[in-house]
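# Structural overview for review
Here's the letter readout for the chains.
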Protein chains: 2
Amino acid sequence: MQKNKLTGTDHKYLQIAGSLEQMIHNDILKIGDKLPSVRMLSDEYGISMGTAFQAYYYLEGKGLIESRPKSGYYVRFNQKRFPALPAAAKPEAVAETISVDEMVAAVFKKLSATDITNLALAAPAMELIPAAKLNKSLVHAFRHSASSCLNYEDVQGNLELRKQVARMAFNWGGKVNANEVVITAGCMEALSLSLQTVTRPGDTVAIESPTFFGIFQVMQSLGLHVIEIPTDAVTGIDLNYLEQAIKQSNIKACVFVPSFNNPLGCCMPDENKKALVELITKHRIPLIEDDIYGELYFGQHRPRCCKTYDTEGWVMYCSSVSKSLAPGYRIGWTIPGRFKEQFIRLKMRHTISGVTLTQHTMAHFLGIGRFDYHLKKLRSALHTQQLRYVQGIIDHFPADTKISRPQGGFVLWLELNKKVNTFQLYQEAIKYQVSVAPGRIFSMRDRYSNYMRIGYGQPWNDAVERGIRILGSLAKKLS
Amino acid sequence: MQKNKLTGTDHKYLQIAGSLEQMIHNDILKIGDKLPSVRMLSDEYGISMGTAFQAYYYLEGKGLIESRPKSGYYVRFNQKRFPALPAAAKPEAVAETISVDEMVAAVFKKLSATDITNLALAAPAMELIPAAKLNKSLVHAFRHSASSCLNYEDVQGNLELRKQVARMAFNWGGKVNANEVVITAGCMEALSLSLQTVTRPGDTVAIESPTFFGIFQVMQSLGLHVIEIPTDAVTGIDLNYLEQAIKQSNIKACVFVPSFNNPLGCCMPDENKKALVELITKHRIPLIEDDIYGELYFGQHRPRCCKTYDTEGWVMYCSSVSKSLAPGYRIGWTIPGRFKEQFIRLKMRHTISGVTLTQHTMAHFLGIGRFDYHLKKLRSALHTQQLRYVQGIIDHFPADTKISRPQGGFVLWLELNKKVNTFQLYQEAIKYQVSVAPGRIFSMRDRYSNYMRIGYGQPWNDAVERGIRILGSLAKKLS
């Protein structure tokens, strides 16, 4: 490699920083690219490691790069190019009966098709999953079970697995014991049974807007009315709006995704989560907290949960391993607070108990620390992928495209020019074997038709680049 | 072995038959005992095999013994000792909101306790399950899946498994293809989602009386009203009564167990099943058919199903492997007829999809013919166990005890003297580590308090004999 030689009288670190800044500015170093290690930089420029560190500190201070623990320095998301975040819609607080959404069926019916570049998904690619390690836990599970895991499991769920879930809660400041945990068939069953525990048909429930369509579709099936609460792309639920809605409507429950909301990716600040719990506790309204993305944070610390601040048991915490490890295992859980007994009774009545084998397997996998290890790697991979996808969108989408800046999770939320109908775009893209989630499916009302959700669970590759390029071209054509 | 010598002038076969008859009469040969093979008999008495056959034909003709294919001759259930079958209650056809049943929780909360002789269960003992063979299919499943069965399964269920379910339907005269089948988390989810597909809260549903408490408990959770239809211990549902109830009440669905009803054990004759389907079709009332015990028949042929006679898609057929193979796998299925699309949508909304791994495993186990082979052995074992349990009850229970004569399934239904309160008996028995299901839990109304259900899923052994003896002694004490 040809070495860079330093000249002139500036501080050496400033010269180096300036040259790196220029490379970032000119897109030679792209968002998400890894920078040389400090040792390599010192070697390349013939400077001390201290000077190399100084150059990186300087760029980090300017917000151009960021360090990641045990990994190194990376080009940071460049806010200057995207001054505006996608705007939050301000829906009227009118309760309504939910209408069936045919679009969801259209977009997600081809889930298993292998000839499609599927950017509609919010799930990790299989290559990010440690299948062989998990299979070792599986073999261990059935070999060490007296009944080969063929008999009924405890209705509340496998005790060892519940202990592990309680242990994980410690990471978000939860003081939980195994007896407070109930295992479910994925997060979806946890949400569905939580809703059935605290509502009756005809009741009104508050959700975020935009939000994952599965949340209002299950409400539709349960005969519930829905109020959509405006949600900010950075701070989440509009608490003032929610408080007003509570005063005006007889809200019987809230279902929110406070950490890395799908599709916005926003994470409510701790103080907002605390305030939210105080608000719902004051009004004795159960909060069903969907924390399915909570472990997939890119920052230094796991975000707290609403459940962290729940002193009176009004929060029904729900999560699963479906987004981080094994969707096909259907392992989720809930910490239903004061509603535990009713929840368990409902679970027994609808499905008796969960699958014994996958619960034993997961208990073992968590117990030997494999899940923690896997999550560290997964977070790092997702962060890198997100930055690479963002760069791809910058490269190929219209210049007026606005984009979310999630600090965790799987999805980017894009706001396009108002002229672009993203369902129409979806229909065009599918002709090229590219799928994307149109914004319209994230609300029960006629909203977000110029938005789209792009999942970055697949590592960047030629097929993904082609997909992003095609979506970008179609967006340009339609705008 | 000392040989028996024949003397006198009678036909030899009559002498031998007479001596066996005497042994049966004196309880030397007990119900369910296997008789010597024809070869052994001929050897023992020094007669030809033809004469030995003639002796057995004669006893079979008198109803004292029975032949079982590929197994030999057995002492038959002796009807003379139990002239009366348990009587069917004739409840009034008044719809009512179901009240919570605390007894069920009391009886079934200790399901996993190993220090209890549990005669309350309606499930096979683990020693009757081919765990090693099933584990081979499990290993095959995850090794031959591209994603190690970690990814989401098709919402409708694994295609290979659906093909196998369709193939099994052929045995009961069903002409079904894989596209008509939906996989569920056990039979309970199939029943629960079927009910949610065709009813709304406040609707009225007809069930058998007595019936499995899980059926009316899930209805309670769904806010449904229930009409109990009298059910005969031999012929099942009283069709005239049902027709009157349909005329008088606005029945929105029926949930029946037409083959080997739990707890009665009765199996509706084919012509009654046909008439039932004609009745519900005429009135356009969905029939949710719970066929979970259908494969566990003791006769020559598998009983037909109501679904066999369903030409217009009003029957929602539900079954599972939970009673015959692996309750902990939570594999069930439904053939929902005209309600298929709504059923699949509900399933997706409540749980997204089922567990991939156990579906693949079961598809393989069924595909290689292992399930058919296992069922043959299981039926034979259960039949033997039933006869042995009946003998034990005869030996230890009060003489006025009436007992059901199921031709399949897992359970005996006992009617005791009216003075005996079987919940009280249960409470006494549990002090001796013996559990049994009191009759009261098989109805929502105050019925069957002098009945009890005894499961014979466990092979006869000293612990079971002790359990039956204790139950019998308590019954004598209380009557």
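Reading the values: the criteria
Residues numbered from 1 in each chain as written. Chains lettered and ligands numbered in written order. Predicted model: local features only at pLDDT ≥ 70, side-chain atom pairs only at ≥ 80, totals over all residues. Heavy atoms only, no water. UniProt positions renumbered as here; feature names shortened; annotations may be inferred. Helix = DSSP H or I, 4+ residues; strand = E, 2+ residues; numbered from the N terminus. Rg over C-alpha atoms; globule rule 2.2 N^0.38 Å. Buried < 20%, exposed > 50% of the residue type's maximum accessible area, 1.4 Å probe, protein only. Contact = heavy atoms within 4.5 Å. Areas by Shrake-Rupley, 256 points an atom, 1.4 Å probe, with all protein chains shown as cover. Disulfide = S-S within 2.5 Å. Pairing = 2+ DSSP bridges. Least-squares fit on C-alpha atoms with pLDDT ≥ 70 in both. 1 Å grid on protein atoms, 1.4 Å probe; cavity = no way out; pocket = protein on both sides within 12 Å on 5 of 7 lines; lining within 4 Å. Points joined across faces, edges and corners; volume = space filled by probe spheres on them. Nonpolar A, V, L, I, M, F, W, Y, C, P; charged D, E, K, R; others polar. Buried area = accessible area lost by both parts, 1.4 Å probe. Salt bridge = Lys/Arg side-chain N within 4 Å of Asp/Glu carboxyl O. Polar contact = N/O pair within 3.5 Å; in protein donor to acceptor, adjacent residues only side chain to side chain. Phe/Tyr/Trp six-rings, centres within 6.5 Å; stacked < 30°, edge-to-face > 60°. Lys NZ or Arg CZ within 6 Å of the ring centre and 35° of its normal.

Within an unreviewed UniProt entry, the label attached to chain A reads GntR family transcriptional regulator, and the organism entered is Niastella yeongjuensis. A UniProt comment under Sequence similarities (unreviewed entry) is attached to chain A, and it reads "In the C-terminal section; belongs to the class-I pyridoxal-phosphate-dependent aminotransferase family."

## Quick notes on the overall build of chain A
On a plain count of helices and strands, chain A comes out with 15 helices and 17 strands. In terms of overall dimensions, chain A is globule-like: its C-alpha atoms have a radius of gyration of 24 Å, near the 23 Å expected for 479 residues. For chain A, buried positions account for 60% of its 479 residues. If you take every contact in chain A between residues at least 6 apart in sequence, the share linking residues at least 24 apart comes to 76%. Accessible area of chain A: about 19,000 Å², with a carbon and sulfur share of 50%.

## Concerning the state of the cysteines
What makes a disulfide is a covalent bond joining the sulfur atoms belonging to two cysteines. Residues and elements named next belong to chain B. In total, this model carries zero disulfides over all chains according to the counting rule given. Of the cysteine sulfurs around C305, a residue in no disulfide, the closest is that of C306, at 7.5 Å. With relative accessibility at 0%, the residue C305 sits in the buried group. With no disulfide of its own, C318 lies 5.4 Å from the sulfur of C187, the closest cysteine sulfur. Owing to a relative accessible area of 0%, C318 belongs among the buried residues under this scheme.

## Some points on unusual backbone geometry
Of note, the amide linkage connecting S209 of chain A to P210 of chain A takes the cis form, showing an omega dihedral of 0°. Here N262 of chain B and P263 of chain B are connected by a cis peptide whose omega angle stands at 15°. By secondary structure assignment, the location of P263 of chain B is in the loop between β9 (251–256) and α10 (270–282). Unlike most non-glycine residues, R330 of chain A shows phi in positive territory, near 50°. Within the secondary structure, R330 of chain A sits in the loop between β11 (315–320) and β12 (332–335). The class for R330 of chain A is buried, based on a relative accessible area of 4%. Of note, the phi angle at R284 of chain B is positive, near 50°, even though the residue is not glycine. You can see R284 of chain B is positioned in the loop between α10 and β10 (287–290). A relative accessible area of 54% means that R284 of chain B is categorised as exposed.

## With respect to the sheet that holds strand β13 (residues 402–403) of chain B
All names here are of chain B. In spatial order, the strands read β13-β14-β17-β16; together these four strands make up an open sheet with antiparallel pairing. Of all strands in the sheet, those bounded by a partner on one side alone are β13 and β16 (437–438). In the sheet, β13 pairs with strand β14 (residues 411–415) via two bridges, with the strands oriented antiparallel. If you follow K402 over to β14, its bridge partner there is E415.

## Quick look at the relation of the copies chain A and chain B
Both copies of the chain are placed relative to one another by a rotation about an axis and a shift along it. Structural alignment of chain A on chain B gives an RMSD of 0.1 Å, achieved by rotating through 180° and translating 0.1 Å along the axis. The superposition of one copy onto the other is thereby described by a two-fold rotation axis.

## Quick word on empty space enclosed by the protein
The probe, sized like a water molecule, is rolled over the atoms to show the empty space still left. All chains considered together, the criterion is met by eight cavities of 30 Å³ or more. Taken as a whole, the largest cavity encloses approximately 240 Å³ of empty space. Surrounding the largest cavity, 28 residues form its lining, A185 and V355 of chain A together with A185, R330 and V355 of chain B being those nearest its centre. Those elements giving two or more residues to the lining of the largest cavity turn out to be β5 (182–184), α11 (340–351) and α12 (356–367) of chain A together with β5 (182–184), α11 (340–351) and α12 (356–367) of chain B. Residues belonging to the lining of the largest cavity are distributed by class as follows: ten nonpolar, twelve polar and six charged.

## A look at the interface of chain A and chain B
One frequently used descriptor of interface size is the decrease in accessible area upon assembly of the parts. The interface of chain A with chain B comprises 44 residues on the first partner and 44 residues on the second. Taken together, the two surfaces of chain A and chain B that pack against each other cover about 3,900 Å², and 65% of this comes from carbon and sulfur. Interface area lost by chain A to chain B is led by L150, R349 and H350 of chain A, which between them contribute 21%. Across the contact surface, chain A and chain B share zero salt bridges. Linking chain A to chain B there are 20 residue pairs in polar contact (both at pLDDT 80 or more). Of all the secondary structure elements, the ones that give two or more residues to the side of chain A that touches chain B are α5 (131–143), α7 (186–198), α8 (213–221), α11 and α12 of chain A.

## Brief notes about the packing of aromatic side chains
Given two aromatic rings, one states the distance between the centres and the angle between the planes to describe the pair. By the definition in use, this model includes 30 aromatic pairs over all chains. Ring geometry for F423 of chain B versus Y426 of chain B: centroids 5.7 Å apart, planes at 20°, classification stacked. Here the residue F423 of chain B and the residue Y426 of chain B both occupy positions in helix α14 (residues 422–430), the gap between them amounting to three residues, near one helical turn. Comparing F423 of chain B with Y426 of chain B shows no difference in burial state: the two are buried. Through a chain of ring-to-ring contacts, the aromatic side chains of F212, F213, W413, F442, Y448 and Y451 of chain A assemble into a single cluster. Above the face of the W460 of chain A ring, R388 of chain A is positioned so that its terminal group lies 4.7 Å from the ring centre.

## Regarding the pairing of strand β17 (residues 451–455) of chain A
Regular strands show a simple pattern: their side chains alternate between the two faces of the sheet. Residue and element names in this part refer to chain A. Burial runs high along β17: five of the five residues are buried. By the alternation rule, side chains of β17 split into Y451, R453 and G455 and M452 and I454, which are all buried. In this structure, strand β14 (residues 411–415) lies alongside β17, joined through five bridges in antiparallel fashion. The residue bridging W413 from the neighbouring strand is R453, located in β17. As paired elements, strand β16 (residues 437–438) and β17 share two bridges and run antiparallel to each other. Residue pairing in the sheet places A437 in a bridge with R453 of β17.

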